[in-house]
Amino acid sequence: MKTLLLLMLMVTRGSYSNITEGPGDGKAIFENECSKCHGKDGARGRFGAKNLQKSRLTDAEYLKIISNGKSIMPAWKRRLSGEQINQVINYVKELKK
Ligand code: HEC
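**Q** Could you give an account of the side chain of His-38, naming the residues involved and the relevant values?
**A** Secondary-structure assignment places His-38 in helix H2 (residues 23-38). His-38 has contacts with Phe-30, Ala-43, Arg-44, Gly-45, Ala-49, Lys-50, Leu-52 and Met-73, leaving out every residue within four places of it along the chain.

Structure (structure tokens):
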């Protein structure tokens, strides 16, 4: 199962590869994929989404919930590469107040 996951990550890698590297990627991914529930500032809370400005998760917990999803929150590991998930985690941490 782990191997399959890794393979899927490798296959999906690079789908956004032409977007410039850097912290801007996390922002673009967040605004495209996450803001419909979490809002651009992370505080929207649609469909019971958590307020990301108040979130106090460790990196490992972010990785887990974003990769695997929870309740209505989709699992992103099929749609985003490992690198993109890391970029979006960095951006989510910037939203914290
Ligand atoms: C369809 C709506 C939806 C979308 C799209 C969505 N989320 Fe969520 N998210 C949720 C919901 C609902 C929860 C609360 C899950 C729970 O704890 O039951 C949540 C929880 C979270 C949490 C946990 C916060 C905490 O403090 O517990 C993080 C981090 C998070 N989302 C990040 C993201 C990121 C990053 C994206 C985009 C890649 C994203 N979400 C896209 C609905 C969504």
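Picking up after the structure, the text goes on.
**Q** Before we move on, can you summarise the coordination of the iron atom of the ligand with the specific residues and values?
**A** Of the protein atoms, only His-38 (NE2) and Met-73 (SD) coordinate the iron atom of the ligand, at distances of 1.9 to 2.0 Å. Viewed at the metal, the six donor atoms of the iron atom of the ligand are separated by angles of 86 to 180°, and the geometry they form is octahedral. On the criterion of sequence distance, the pair formed by His-38 in helix H2 and Met-73 in the loop between helix H3 (59-68) and helix H4 (82-95) is long-range, its members being 35 residues apart. Under the relative-accessibility criterion, His-38 is labelled buried at 9%.

**Q** Run through the packing of H3 against H4, naming residues and quoting values.
**A** Closest axis-to-axis distance for the H3/H4 pair is 10 Å, and the angle between their directions is 120°. Comparing the axis directions of H3 and H4 gives the class oblique. Note on packing geometry: the crossing formed by H3 with H4 is right-handed. Each of Asp-59, Tyr-62, Leu-63, Ile-66 and Ser-67 in H3 lies in contact with H4, whose residues at this interface are Ile-85, Val-88, Ile-89, Val-92 and Lys-93.

**Q** Go over H3 with me, naming the residues and quoting the values.
**A** Buried within H3 are the following residues: Tyr-62, Ile-66 and Ser-67. Across the axial projection of H3, the buried residues extend over an arc of 115°, all falling on one side. H3 presents Ala-60 and Lys-64 as exposed residues on the side facing more than 90 degrees away from its buried surface. Buried-residue contacts for H3 involve H4. One or two positions beyond H3, positive phi appears at Gly-69, with a value near 75°.

**Q** Requested: an account of the environment of Thr-58, with residues and values cited.
**A** Structurally, the position occupied by Thr-58 is in the loop between H2 and H3. Here the alpha-carbon distance between Thr-58 and Lys-93, two residues 35 residues apart in the chain, equals 9.9 Å.

**Q** Which residues make up the site of the ligand, and what values go with them?
**A** The environment of the ligand is made up of 22 residues, and the closest members are Cys-34, Cys-37, His-38, Ser-55 and Met-73. One nitrogen or oxygen atom from the side chain of His-38 is found 2.7 Å from a nitrogen atom belonging to the ligand. Between Lys-70 and the ligand, the recorded distance is 3.5 Å, taken from a side-chain N or O atom to an oxygen atom. Residue assignment for the shell around the ligand shows that the elements contributing at least two residues are H2, H3 and H4. Top element by residues in the shell around the ligand is H2. It accounts for four residues.

Criteria and thresholds
- Residues numbered from 1 in each chain as written.
- Predicted model: local features only at pLDDT ≥ 70, side-chain atom pairs only at ≥ 80, totals over all residues.
- Heavy atoms only, no water.
- Helix = DSSP H or I, 4+ residues; strand = E, 2+ residues; numbered from the N terminus.
- Contact = heavy atoms within 4.5 Å.
- Donors = N, O, S within 2.8 Å, 3.2 Å for Na, K, Ca; no water.
- Tetrahedral: all angles 85-135°; square planar, octahedral: opposite > 155°, others 65-115°.
- Buried < 20%, exposed > 50% of the residue type's maximum accessible area, 1.4 Å probe, protein only.
- Axes fitted to C-alpha atoms, helices over the stretch in contact; angles between N-to-C directions.
- Parallel < 35°, antiparallel > 145°, perpendicular 65-115°, else oblique.
- Left-handed = near helix turned anticlockwise from the far one by under 90°.
- Arc of directions from axis to C-beta.
- Near = heavy atom within 4 Å.
- Polar contact = N/O pair within 3.5 Å; in protein donor to acceptor, adjacent residues only side chain to side chain.

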